[in-house]
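Topology and contacts: notes
The residues making up each chain are set out below.
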Amino acid sequence: MKEICRGTILHRLFQTTIPPKPKFFIVVGESETHVVGYFFINSKINGFVQRNKALFEMQMPIKRADYPFLRYDSFVGAHELNKIDNSALSSELSTGETTIKGCMKFEDMDRLLEAARASDLFSQYEKDTYFR
Amino acid sequence: MASDRGVEKNVPNQNRYNVEPLQDANLYFLSKTDIQELDASLTKYGILSWNEIIERSHAYAWSSTPLNDRMPVEAIMRENGADDQFIAEVTESIRAAKELN
């Protein structure tokens, strides 16, 4: 399997969003049972998230200048930790449905994890497993 | 069923309507906001009568879902007045995460 690790930024075309759209997402950690935790990256913050203080506080801006594969300055949607089995992600990478685009800068990843560890949105299990 | 016995061990029936916990909940897997929402929901709905709960929980989302199926989050949002654009925005990451799995 192609190497993925904390900070790896991935890209995939999603068919079930309305409308279908390409999205970036970033790996933040992996459990001992090989479940990978990730956050989506969005070019804008939707209205629902903007109106909820706890969710809005977890939108971390990142610059296109630092990540040239992005089309726009964007936000890591760190309000919602998604999970996928490592084997499923491995299969996605081997078929080319999901591709590796780059890696988050160390200082950005540090900032992201620090915010996630302090957030009330995540359980202690998620903090111990994916953000340690 | 084994799962029913597990529930009875932790929350035995006091009478037909009430149960009482015998042990503390394991909160390791819940966030502070999860707990706040559960508490808010219990406070809001725990005082309602059976008929009031039925009335509030059997509106559009229930009636548009086949019996015993899971109510789609889109239907729940629509019941609360959300339009297509709002639903598309809010469910985007849910749909994408589901597709990826």
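What counts and how
Chains are numbered independently. Their residues run from 1 in the order of the written sequence. Whichever chain is written first is A, and whichever ligand is written first is 1; the rest continue in order. Local features in a predicted model are, by the rule used here, given only for residues with pLDDT of at least 70; side-chain atom pairs are given and counted only at 80 or more, and totals for whole chains, interfaces and linings are based on all residues. By convention in this description, side-chain values take in all heavy atoms of the structure and omit both hydrogens and water. In this text, helices come from DSSP runs of H or I with a minimum length of four residues, and strands from runs of E with a minimum of two, each type numbered from the N-terminal end. The cut-offs for exposure are 20% and 50% of the maximum accessible area for each residue type, with area from a 1.4 Å probe on protein chains only; residues under the lower value are buried, those over the upper are exposed, and the others partly exposed. What a helix is expected to span follows from its residue count: subtract one and scale by 1.5 Å. Arc definition: directions from the helix axis to the C-beta atoms. Whether two residues touch is decided by their heavy atoms; if any such pair falls within 4.5 Å, the residues are in contact. Two parts placed together each lose some accessible area under a 1.4 Å probe, and adding up what both lose gives the buried area. A pairing counts as a salt bridge when a side-chain nitrogen of Lys or Arg comes within 4 Å of a carboxyl oxygen of Asp or Glu. Contacts described as polar in this section are N or O atom pairs within 3.5 Å, which, within protein, must combine one atom able to donate a hydrogen with one able to accept it, while residues neighboring in sequence count only if both atoms come from side chains.

Attention shifts here to unusual backbone geometry. At the junction of Ile18 of chain A and Pro19 of chain A, the peptide bond is cis and its omega measures out at -5° in the coordinates. Mapped onto the elements, Pro19 of chain A comes out in the loop between strand 1 (8–14) and strand 2 (21–30). The backbone phi angle of His34 of chain A is positive, close to 65°, even though this residue is not glycine. Its location among the elements puts His34 of chain A in the loop between strand 2 and strand 3 (35–42). The residue Asn68 of chain B is not glycine, and still its phi comes out positive at about 70°. By secondary structure assignment, the location of Asn68 of chain B is in the loop between helix 4 (60–63) and helix 5 (73–79). Classification of Asn68 of chain B by relative accessible area gives exposed; the value is 75%.

Next up on the list: helix 4 (residues 106–118) of chain A. All names here are of chain A. Between its first and last C-alpha atoms helix 4 spans 18 Å; for 13 residues at 1.5 Å apiece the expected length is 18 Å, and the two agree. Of all the residues in helix 4, the buried ones are Asp108, Met109, Leu112, Leu113 and Ala116. All buried residues of helix 4 fall inside an arc of 130° around its axis, so they share one side. Every exposed residue of helix 4 that faces more than 90 degrees away from the buried side is listed here: Phe106, Glu114 and Ala118. The inward-facing, buried residues of helix 4 contact strand 2, strand 3, strand 4 (59–62), strand 5 (74–85) and helix 5 (124–130).

So, on to the interface of chain A and chain B. Each partner contributes to the interface: chain A provides 31 residues, whereas chain B provides 19 residues. Carbon and sulfur atoms supply 57% of the area buried between chain A and chain B, which totals about 2,200 Å² over both sides. Our count for the chain A to chain B interface comes out at four salt bridges. Salt-bridge contacts for Lys32 of chain B lead to Asp120 of chain A; the nearest nitrogen and oxygen are separated by 3.9 Å. If you look at where chain A meets chain B, you find 13 residue pairs in polar contact (both at pLDDT 80 or more).

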